[in-house]
Amino acid sequence: MSTTGTIRASTARAGLCALAFFALESCGGKDVVVRDAAGPTTTAPIPAVAPGAAPTAPLHAASPARSIPAIGGCNDDCADARTAVTRFLDATARADGTQAAARFLDSTRLVLDGRALGERWAGLWRDLKSATRRDEMDEVLRDLAQWTTGLSPAQVRDALTAGPKSVRNWSTEAEFEFQPPGAPPWTLVFAPRGVEWLLIEVRRGREETP
């Protein structure tokens, strides 16, 4: 190549470098505009994290709302009436069994010693008073768990081993009798709700014959 050609090539390269320098300076550290010959102009932001790294959670991420116990949820533990009543009584005998026992309640139909609690709780749910409903359900379950008060672990175990006695068992309802040691007998009534058998009534003490 001649000397003149070499000078011209060097001058051209210098000009291109100068244009590139001023183009970068004009960006002011912002995102660089990338033009794809096959598509529209896009902006390529600088990655906030290294490729493959887990994204950082937002500083003010919303915390999940406190859940309210739904009706049922005992699944295989209440697939039939006999299993349901046995597992429910087991739950009431546990020190931490209040929440476990709640899964066996039909909270829209429960009647306790003649009190239509399910009807009241359904009304509280409609009135958006879910916290009051939850507190009342907890109180009732603690009350039902009182049958173990004053009993030794062996007495509780023997009562659960003896288990509830079936009084009647229909396709729409099942009734059992359970004898807590030193207390009046319980009558427990279960009914199907979907695929689960749930507790709809508890009577503590035998009904008096008129």
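Every residue gets a number counted from 1 within its own chain, in the order that chain's sequence is written. Since the coordinates come from a predicted model, pLDDT governs what is reported: local features require at least 70, and pairs of side-chain atoms require 80 or more to be given and counted, while whole-chain, interface and lining totals use all residues. To obtain the side-chain values, all non-hydrogen atoms of the structure were included, while hydrogens and water were left out.

Mind laying out the environment of aspartate 77, listing which residues take part and the relevant values?
Each helix corresponds to a stretch of at least 4 residues labelled H or I by DSSP, and each strand to a stretch of at least 2 residues labelled E; elements are numbered beginning at the N terminus. As for its placement among the helices and strands, aspartate 77 is situated in the loop between β2 (41-44) and α2 (81-92). Whether a residue is buried, partly exposed or exposed follows from its accessible area with a 1.4 Å probe, protein chains only, as a fraction of its type maximum: under 20%, in between, or over 50%, in that order. Aspartate 77 gets classed as partly exposed once you look at its relative accessible area, which sits at 23%. Separated by 119 residues in sequence, aspartate 77 and glutamate 196 place their C-alpha atoms 8.5 Å apart. Polar contacts, as counted here, are pairs of nitrogen or oxygen atoms within 3.5 Å of one another; within protein the pair requires one atom able to donate a hydrogen and one able to accept it, and residues that are adjacent in sequence qualify only if both atoms are side-chain atoms. In terms of polar contacts, aspartate 77 uses its side chain to reach the side chain of arginine 87, at 2.5 Å.

Let's hear about the side chain of glutamate 136: which residues, and what values?
Looking at the element boundaries, glutamate 136 is found in helix α5 (residues 130-144). Owing to a relative accessible area of 19%, glutamate 136 belongs among the buried residues under this scheme. Side-chain polar atoms of glutamate 136 contact the side chain of tryptophan 121, separated by 3.1 Å. We call two residues contacting when some pair of their heavy atoms lies within 4.5 Å. What glutamate 136 contacts, discounting residues up to four positions off in sequence, is Arg120, Trp121 and Leu124.

Help me get a handle on the environment of alanine 95, residues and values and all.
Within the secondary structure, alanine 95 is located in the loop between α2 and α3 (98-102). Taking the C-alpha atoms as reference points, alanine 95 and alanine 145, separated by 50 residues in sequence, lie 8.8 Å from one another.

Which residues make up the nonpolar core, and what are the values?
Judged by nonpolar contacts, the single largest core of 36 residues is most densely connected at Phe88, Trp186, Leu188, Phe190 and Leu199. Where this core is concerned, the elements lending two or more residues are α2, α3, α4 (117-126), α5, α6 (153-162), β5 (174-178), β6 (186-193) and β7 (196-204). If you tally residues by element for this core, the top one is α2, at six residues. Setting aside residues up to four positions removed in sequence, leucine 188 forms contacts with Val85, Phe88, Leu89, Ala174, Glu175, Phe176, Phe178, Leu199, Glu201 and Val202. What makes a nonpolar core is a set of buried Ala, Val, Leu, Ile, Met, Phe, Trp, Tyr and Cys residues whose side-chain atoms join them at distances within 4.5 Å.

Requested: an account of α2, with residues and values cited.
An expected span of 1.5 Å times one less than the residue number is assigned to each helix. The first and last C-alpha atoms of α2 sit 17 Å apart over twelve residues, in line with the 16 Å expected at 1.5 Å per residue. Within α2, burial applies to Ala81, Thr83, Ala84, Val85, Phe88, Leu89, Ala91 and Thr92. Against the buried residues of α2 lie α3, α5, α6, β5, β6 and β7.

Talk me through the pattern of salt bridges; I want residue IDs and the actual numbers.
Any Lys or Arg side-chain nitrogen located within 4 Å of an Asp or Glu carboxyl oxygen qualifies as a salt bridge. Under the counting rule described, the total for this entry stands at eleven salt bridges. Its salt-bridge partner being arginine 94, residue aspartate 96 comes within 3.4 Å of it at the nearest N-O pair. Residue arginine 204 is joined to aspartate 113 by a salt bridge in which the shortest nitrogen-to-oxygen separation is 2.8 Å. Residue arginine 204 is found in strand β7, and its partner aspartate 113 is found in the loop between β3 (111-112) and α4; the two are separated by 91 residues along the sequence. Look at arginine 204 and you get partly exposed, because its relative accessible area is 27%. In the salt-bridge network here, residues are joined through shared partners; they are Arg168, Glu173, Glu175, Glu201 and Arg203.

Honestly, that's just the spatial picture; any functional story needs more than this.
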